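Chain by chain, the residues:
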Amino acid sequence: MNRLLLTSAGFENPDCGRLFLDEIGIIPEEIRVFFIPTAAITPDAIAMLPACRRDLTELGITEDHITVFDLDRPLTDAELSAHHAFYVCGGSPSHLLERMNAAGFPDTLRRAFAQEYIYVGVSAGSIVCCANLKGNLGYHSKRLSVHCNQCEETANQLRLTNNQALWIRGDMMEIIG
């Protein structure tokens, strides 16, 4: 089943971190996460990577269970079976999507969801799942705007504040925060 937590700013809202832990359902010290910094190609985005990593360690996930993966190749089934989640950082959505498609990540993600993975997107990591870009991952039919001053949903767009997320579980969608 597809489980995606699409955020503007990671676990800035503690409810997002709690949801993540509840959905994985094992103690934080046993959780293994692929940390994907690929979108962070500008100095501002690179500067946010330590905060993204802290999102995970502050939940109790140990540093040695956070695997940096830069979308430079497809993941093997053995690698997938040793982890529980993807945490995809922000930066350039177009660069991220290009690298995802080149590494066969859409297929990897389908295989991961079959193993009950959770996908956490932060900013660009969320946008690539929505209708913003051609060739997107296709998990939400609307355009997603992040880092907005207020939440707003129209027929074609969803705007999230930094304290909000879109939780997708199968066919169910809910705004957190």
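For the structure, see preceding data.
Novice: Residue-level account of the pattern of salt bridges, with values.
Specialist: Tallied over the entire structure, the rule returns 10 salt bridges. Glu23 is paired through a salt bridge with Arg169; the nearest N and O atoms lie 3.0 Å apart. Placement of the pair is Glu23 in helix α1 (residues 14-24) and Arg169 in strand β9 (residues 165-169), with a sequence separation of 146 residues. When salt bridges that share partners are traced, they join Arg3, Glu23 and Arg169 into one network.

Novice: Run through the pairing of strand β1 (residues 3-7), naming residues and quoting values.
Specialist: Most of β1 sits inside the fold, with five of its five residues counted as buried. With burial as the criterion, each face of β1 is covered, one bearing Arg3, Leu5 and Thr7 and the other bearing Leu4 and Leu6. Bridging between β1 and β9 involves five bridges; their strand directions are antiparallel. Each residue of the ladder has a partner; that of Leu5, found in β9, is Trp167.

Novice: Report on the sheet that holds strand β6 (residues 143-145), specifying residues and quantitative values.
Specialist: Pairing is mixed in the open sheet, where three strands are placed in the order β6-β8-β7. Across the chains shown, the open sheet's two edge strands, defined by having one partner strand only, are β6 and β7 (152-153). Pairing analysis gives two bridges linking β7 to strand β8 (residues 157-159), with the strands arranged antiparallel. What sits directly across from Glu153, in β8, is Leu158.

Novice: Now, about α1: what can you tell me, with residues and values included?
Specialist: When α1 is considered as a whole, its buried residues turn out to be Cys16, Gly17, Leu19, Phe20 and Ile24. Projected onto a plane normal to the axis of α1, the buried residues spread over an arc of 160° and lie on a single side. Elements that come into contact with the buried residues of α1 comprise β1, β2 (33-36), β4 (85-88), β5 (118-122), β9 and β10 (172-176). Its side-chain oxygen 2.8 Å from the backbone nitrogen of Asp15, Asn13 forms the N-cap of α1. Two residues or fewer after α1 comes Gly25, characterised by a positive phi angle close to 75°.

Novice: Could you give me a rundown of the environment of Pro37, with the residues and numbers involved?
Specialist: Position of Pro37 among the secondary structure elements: in the loop between β2 and α2 (43-57). Under the relative-accessibility criterion, Pro37 is labelled buried at 14%. Along the backbone, Pro37 and Gly90 are 53 residues apart, and their C-alpha atoms lie at a distance of 7.4 Å. In contact with Pro37, not counting residues within four places along its chain, are Leu49, Val68, Phe69, Asp70 and Cys89.

Novice: Tell me about the sheet that holds β5, and please be specific about residues and values.
Specialist: Across the sheet, which stays open at both edges, the seven strands sit in the order β3-β2-β4-β5-β1-β9-β10 with mixed pairing between neighbours. Two strands bound the open sheet, and with one partner strand each, they are β3 (66-68) and β10. Averaged over all adjacent pairs, the angle separating strand axes in this sheet is 20°, with direction ignored. Pairing analysis gives five bridges linking β9 to β10, with the strands arranged antiparallel. Among the inter-strand pairings, Arg169 is bridged to a residue of β10, identified as Met172. Where helix α5 (residues 105-114) meets the sheet, its contacts fall on β1, β2, β4 and β5, and the angle it forms with β4 comes to roughly 140°.

Novice: I'd love a proper account of α5, names of residues and values included.
Specialist: In an α-helix, one full turn covers 3.6 residues, which means residues spaced three or four apart are oriented alike. What α5 keeps buried is the set Phe105, Thr108, Leu109, Ala112 and Phe113. Each buried residue of α5 lies within a common arc of 135° when the element is viewed along its axis, so the set occupies one face. On the buried face of α5, the contacting elements are β1, β2, α3 (77-81), β4, α4 (93-102) and β5. Two residues or fewer past α5, Glu116 is found with a positive phi of approximately 70°.

Calculation criteria
Residues numbered from 1 in each chain as written. Predicted model: local features only at pLDDT ≥ 70, side-chain atom pairs only at ≥ 80, totals over all residues. Heavy atoms only, no water. Salt bridge = Lys/Arg side-chain N within 4 Å of Asp/Glu carboxyl O. Helix = DSSP H or I, 4+ residues; strand = E, 2+ residues; numbered from the N terminus. Buried < 20%, exposed > 50% of the residue type's maximum accessible area, 1.4 Å probe, protein only. Pairing = 2+ DSSP bridges. Arc of directions from axis to C-beta. Contact = heavy atoms within 4.5 Å. Polar contact = N/O pair within 3.5 Å; in protein donor to acceptor, adjacent residues only side chain to side chain. Axes fitted to C-alpha atoms, helices over the stretch in contact; angles between N-to-C directions.

In short, the description is geometric, and any link to function would need to be established separately.
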